[in-house]
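Overview (structure and organization)
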Amino acid sequence: MKTLDKIPTNKIERAGQLVKTGFKVGGNYLAYYGEKVINPSLTKEKLNENNAEDIYDGLKNLKGSALKVAQMLSMEKNIMPRAYVEKFSLAQFSVPPLSAPLVRKTFKKYLNKYPEDVFDTFSENSVNAASIGQVHKASKDGKELAVKIQYPGVAESIGSDLAIVKPFAVQMFNLKGKDSEKYFKEVEYKLMEETDYKLELRQGNEISKACSQIDNLRFPKYYDELSSEKILTMDWMHGEHLSEFTAYNEDRDLGDRLGQALWDFYMYQMHKMKQVHADPHPGNFLVDKEGNLIAIDFGCIKQVPEDFYVPYFELAKPEIIDNPKLFNEKLFELEILREDDSPKEIEYFTGLFHRLLSLFTKPFHGDFFDFSDTEFFGEIAAMGEDFSKDTQLRKMNGNRGSKHFLYINRTFFGLYNLLHDLKARVHTKQFEKYN
């Protein structure tokens with residue numbers, strides 16, 4: 001794979017790259033509509049493939065938050081067209097890496113030493129390259145190590161990248177008024193956290209210690225003395241990415257075991273620690289030869305405040321969902337309904353979220369849930385399709401819900417998809433046995 005000797009870091013360079021990508025996408029649309037005049041039966045499948053290819057090609061050399069957004073979108077399997085999901089999923093662990101000279105320069109800047117001065121061995125070529133950093137294999141004192149190196153300029157470009165993306169997001173999600181700013185601030189804050197490798201080291205140690213009791217779950221050890229704010233060193237964990245494993249696995253019992261570990265991991269964090277690993281994509285989990293699940297990335301951890309946690313999980317209870325008065329109260333607590341809403345808006349969003357929550361909270365309604373249930377995921381896909389065609393929704397103010405919904409909902413969407421890929425059947429209350 002081609003390596004990069006330079007990454008655009010200033011606002012003008014990065015904006016120029018995105019504008020160039022926009023022209024390509026515009027050209028794809030012109031070609032599509034021109035061909036559709038001749039062939040009215042033409043679908044958007046080829047258009048989606050061309051757009052996904054051009055957008056990904058434009059983002060992969062920018063790295064940072066622009067590419068991170070693509071990675072996040074790749075998790076929306078029931079909303080995004082398949083071509084986008086397949087192409088953007090490459091952002092999880094397969095993008096052009098930094099060249100060896102740029103890696104050495106980064107080491108010298110943040111550890112004041114070159115890699116060969118720190119480790120006994122160090123692979124010049126990266127083994128994984130994602131949106132914010134890339135991973136190299138190393139060894140020291142007989143230990144195999146993974147060394148994650150952050151791309152230059154990532155933290156400094158987050159604000160300008162989001163400013164460029166913001167107008168498209170406002171239009172896409174129908175966000176109106178100054179209140180929408182809280183969502184962008186939340187994304188910016190979490191992305192900034194992900195660029196702090198010292199914070200990730202602390203979070204990794206804290207969560208792995210607390211969750212080490214969970215069956216069939218393993219974590220790497222982190223090395224503070226071999227790390228800095230832009231370099232993170234941990235144990236090298238042997239295994240294959242979860243997506244590679246699910247592509248061929250036909251052992252239902254093994255899928256159940258891994259799924260149970262994954263469910264217990266997330267429920268323990270959410271309910272016992274009031275914080276959660278908010279980046280559940282396949283690139284952040286490995287499966288080893290002993291059938292254990294390995295969690296390898298703790299850069300995106302979302303704290304769950306009590307005043308959000310309580311009403312959020314109360315809305316997972318059928319007795320709340322099916323009680324109009326209590327349901328309405330919780331919607332106001334979670335800022336889904338607003339004091340300045342018109343009666344029409346209250347009626348519309350109450351109905352919409354009743355349908356939404358009645359479906360999405362089903363895994364919490366009993367002691368057992370089968371995530372291989374195609375009917376459940378088919379209903380999710382159908383609902384997403386209905387919402388995308390709902391002209392009334394486009395007329396409403398899209399500013400709905402607490403800012404905490406952004407990463408908590410993302411977490412559950414991602415978790416559900418991983419469990420579906422594993423075809424896992426889980427005991428939903430089992431996590432309660434852990435202290």
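Anything mentioned here points back to the structure above.
Residues numbered from 1 in each chain as written. Predicted model: local features only at pLDDT ≥ 70, side-chain atom pairs only at ≥ 80, totals over all residues. Heavy atoms only, no water.

Going through the model one piece at a time under the given rule, you end up with 20 salt bridges. Glutamate 116 serves as the salt-bridge partner of arginine 104, at 2.8 Å between the closest nitrogen and oxygen. One end of the pair, arginine 104, is in helix H5 (residues 100-111); the other, glutamate 116, is in helix H6 (residues 115-118), and 12 residues separate them in sequence. In this structure arginine 104 comes out as partly exposed when scored by relative accessible area, which is 32%. (Salt bridge = Lys/Arg side-chain N within 4 Å of Asp/Glu carboxyl O. Helix = DSSP H or I, 4+ residues; strand = E, 2+ residues; numbered from the N terminus. Buried < 20%, exposed > 50% of the residue type's maximum accessible area, 1.4 Å probe, protein only.)

Time to look at the sheet that holds strand E7 (residues 240-241). On the basis of which strands lie adjacent, the open sheet formed by four strands has the order E5-E10-E9-E7 and mixed pairing. Of all strands in the sheet, those bounded by a partner on one side alone are strand E5 (217-218) and E7. Note: E7 against strand E9 (residues 285-287), two bridges, orientation antiparallel. When the bridges of E9 are listed, glutamate 240 appears paired with valine 287. (Pairing = 2+ DSSP bridges.)

Next up on the list: helix H18 (residues 405-422). Under the 1.5 Å per step criterion, the end-to-end length of H18 is 25 Å for 18 residues, consistent within 8% with the ideal 26 Å. Counting buried residues along H18, 13 of its 18 residues qualify, which places the element largely inside the surrounding structure. Trailing H18 by a residue or two, lysine 423 shows a phi angle of about 55°, which is positive. (Expected span 1.5 Å × (residues − 1).)

We now examine the packing of aromatic side chains. Applying the stated rule across the entire model yields 29 aromatic pairs. Considering the side-chain rings of tyrosine 309 and phenylalanine 313, the 5.1 Å spacing of their centres and the 50° angle between planes classify their relative orientation as tilted. Pair noted here: tyrosine 309 and phenylalanine 313 are both in helix H12 (residues 306-314), with a separation of four residues, about one helical turn. Side by side, tyrosine 309 and phenylalanine 313 carry an identical accessibility label, which is buried. (Phe/Tyr/Trp six-rings, centres within 6.5 Å; stacked < 30°, edge-to-face > 60°.)

Bringing the packing of helix H9 (residues 197-211) against helix H11 (residues 252-273) into the picture now. Between H9 and H11, the shortest axis-to-axis distance is 11 Å and the interhelical angle comes to 100°. By the angle class used here, H9 and H11 are roughly perpendicular. Only Phe265, Tyr268, Gln269 and Met273 of H11 make contact with H9, whose side of the interface consists of Glu206, Ile207, Ala210 and Cys211. (Axes fitted to C-alpha atoms, helices over the stretch in contact; angles between N-to-C directions. Parallel < 35°, antiparallel > 145°, perpendicular 65-115°, else oblique. Contact = heavy atoms within 4.5 Å.)

Where burial is concerned, most of strand E6 (residues 231-235) is hidden: five out of the five residues are buried. Where strand E4 (residues 143-150) lies against E6, five bridges are found, and the strand directions are antiparallel. In the strand pairing of E6, valine 147 is matched with threonine 233.

Our focus in this paragraph is helix H8 (residues 181-194). Between its terminal C-alpha atoms H8 stretches 20 Å, which fits the 20 Å expected from 14 residues at 1.5 Å a residue. Within H8, the full set of buried residues consists of Tyr183, Phe184, Glu186, Val187, Lys190, Leu191, Glu193 and Glu194.

What follows covers the nonpolar core. By size, the foremost hydrophobic cluster in this structure holds 87 residues, and its most contacted members are Leu262, Phe265, Phe285, Phe353 and Phe412. It is H11 that contributes the most residues to this core, 10 residues altogether. Once residues within four sequence positions are removed from consideration, phenylalanine 353 is found in contact with Phe327, Leu331, Ile336 and Arg400. With seven residues, the next largest nonpolar core counts Ile158, Val187, Leu191 and Cys300 among its residues. (Core = buried A, V, L, I, M, F, W, Y, C linked by side-chain atoms within 4.5 Å.)

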